[in-house]
Amino acid sequence: MSVTVQTSEGINRSSFWGIGWVDVASAFLAILFGFASIDKLFHYWGFLNALENYAVLPTPLIRYLAPAVVLTELWTSVCLIIRKTRKAASLMGCLLLSIFAIALAFNYYYGIQDACGCWFTITLGKGTLQHVLMNVVWAALCLAVYSGSAKTSQPH
């Protein structure tokens, strides 16, 4: 049952029970980024070791890059939930996932298939072509949320 809902900001949304696809996709991405950032915090030294195995990262920068990645993922997660910041957060998520995909692709090209640094709690995933494609798909979802947020942020 699809209905048109007018929000308090005067925005018309076609949705199911008042929840649009942008809301669902944003929640999924928020969980993804939130879990990834918290997992990296709990396994910080493992994350640093994983970053050291990336072909494109200079070792001296890793100790500065690691906290920036964790904080940016956490910021992205929180801001994807808030409608007013969702557009910027989805663009940041797309940028992050694109960078991850490129870094993993370089590792794959050079035959480095060590731990990717994604999720230590679930798996010590190797940086495979599947991980590259997964990041590309999620980056595309971020772009779709960005596009959907742009359309729903203006009154009709």
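Here the structure is a predicted model, which is why all the values come from computation and not from measurement.

Visitor: Which parts of the structure should I look at to understand the nonpolar core?
Guide: General note: in soluble globular proteins, nonpolar side chains tend to be found buried as a group. L29, F33, L80, L97, C142 and V145 are the most contacted members of the largest nonpolar core, which totals 16 residues. Secondary-structure elements contributing two or more residues to this core are α1 (21–42), α3 (59–81), α4 (83–109) and α5 (129–152). At 6 residues, α1 tops the list of elements feeding residues into this core. Grouped together as the second largest cluster of nonpolar side chains are 13 residues, L51, I62, A66 and A103 included.

Visitor: Looking at this structure, I do not really get a nonpolar patch on the surface. What am I missing?
Guide: Residues I38, F42, L71, L74, V78, I81 and I82 make up a contiguous nonpolar surface patch of about 680 Å² in total accessible area. Elements that contribute at least two residues to the nonpolar patch include exactly α1 and α3. Of the residues forming the nonpolar patch, the biggest block, 4 residues, is contributed by α3. Examined against the element boundaries, I38 turns out to sit in helix α1. Residue I38 is classed as partly exposed on the basis of its relative accessible area of 40%.

Visitor: It is not clear to me how the pattern of salt bridges should be interpreted in this structure. Could you clarify?
Guide: Working definition: two side chains of opposite charge can pair if their charged atoms are close together. Overall, the coordinates contain 3 salt bridges when judged by the stated rule. Between D23 and R83 there is a salt bridge whose closest N-O contact spans 2.9 Å. Of this pair, D23 sits in helix α1 while R83 sits in helix α4, placing them 60 residues apart in sequence. For D23, a relative accessible area of 12% translates into the label buried. A relative accessible area of 40% places R83 in the partly exposed class. Across the pair E73 and K40 runs a salt bridge whose closest N-O atoms are separated by 3.2 Å. Placement of E73 in helix α3 and of K40 in helix α1 is noted, with a sequence separation of 33 residues between them. Residue class for E73 comes out buried when judged on its relative accessible area of 1%. Residues joined by salt bridges that share partners form a network here, namely D23, R83 and R86.

Visitor: Is there a simple way to explain the packing of α1 against α3 in this structure?
Guide: Running from N to C, α1 and α3 cross one another at 155°; their axes reach a closest spacing of 8 Å. Our classification of the angle between α1 and α3 gives roughly antiparallel. The crossing of α1 and α3 is left-handed. Facing α1, whose interface residues are S26, A27, L29, A30, F33, G34, A36, S37, K40 and L41, α3 presents V69, V70, E73, L74, T76, S77, L80 and I81. Looking at the contact of α1 with α3 residue by residue, the classes come out as 11 nonpolar, 5 polar and 2 charged.

Visitor: Help me understand the environment of L61, please; the structure alone is not making it clear to me.
Guide: Relative to the helices and strands, L61 is located in helix α3. Separated by 10 residues in sequence, L61 and L51 place their C-alpha atoms 9.9 Å apart.

Visitor: Can you help me understand the packing of aromatic side chains in this one?
Guide: Where two aromatic rings form a pair, the distance of their centres and the angle of their planes describe that pair. On inspection of all chains with the given rule, the structure shows 4 aromatic pairs. When the ring of Y44 is compared with that of W45, the centres are 5.8 Å apart and the planes differ by 75°; the resulting orientation is edge-to-face. On the accessibility criterion, W45 (64% relative accessible area) is exposed. Ring centres of Y109 and Y110 lie 5.1 Å apart, and the angle between their planes is 80°; on these two criteria the pair is classed as edge-to-face. Just as Y109 is exposed, Y110 falls in that class too. Following the ring pairs from residue to residue traces out a cluster consisting of F106, Y109 and Y110.

The rules behind each value
- Residues numbered from 1 in each chain as written.
- Predicted model: local features only at pLDDT ≥ 70, side-chain atom pairs only at ≥ 80, totals over all residues.
- Heavy atoms only, no water.
- Core = buried A, V, L, I, M, F, W, Y, C linked by side-chain atoms within 4.5 Å.
- Buried < 20%, exposed > 50% of the residue type's maximum accessible area, 1.4 Å probe, protein only.
- Helix = DSSP H or I, 4+ residues; strand = E, 2+ residues; numbered from the N terminus.
- Patch = residues over 30% accessible without salt bridge, like charges linked within 9 Å, V, L, I, M, F, W, Y side chains within 5 Å.
- Areas by Shrake-Rupley, 256 points an atom, 1.4 Å probe, with all protein chains shown as cover.
- Salt bridge = Lys/Arg side-chain N within 4 Å of Asp/Glu carboxyl O.
- Axes fitted to C-alpha atoms, helices over the stretch in contact; angles between N-to-C directions.
- Parallel < 35°, antiparallel > 145°, perpendicular 65-115°, else oblique.
- Left-handed = near helix turned anticlockwise from the far one by under 90°.
- Contact = heavy atoms within 4.5 Å.
- Nonpolar A, V, L, I, M, F, W, Y, C, P; charged D, E, K, R; others polar.
- Phe/Tyr/Trp six-rings, centres within 6.5 Å; stacked < 30°, edge-to-face > 60°.

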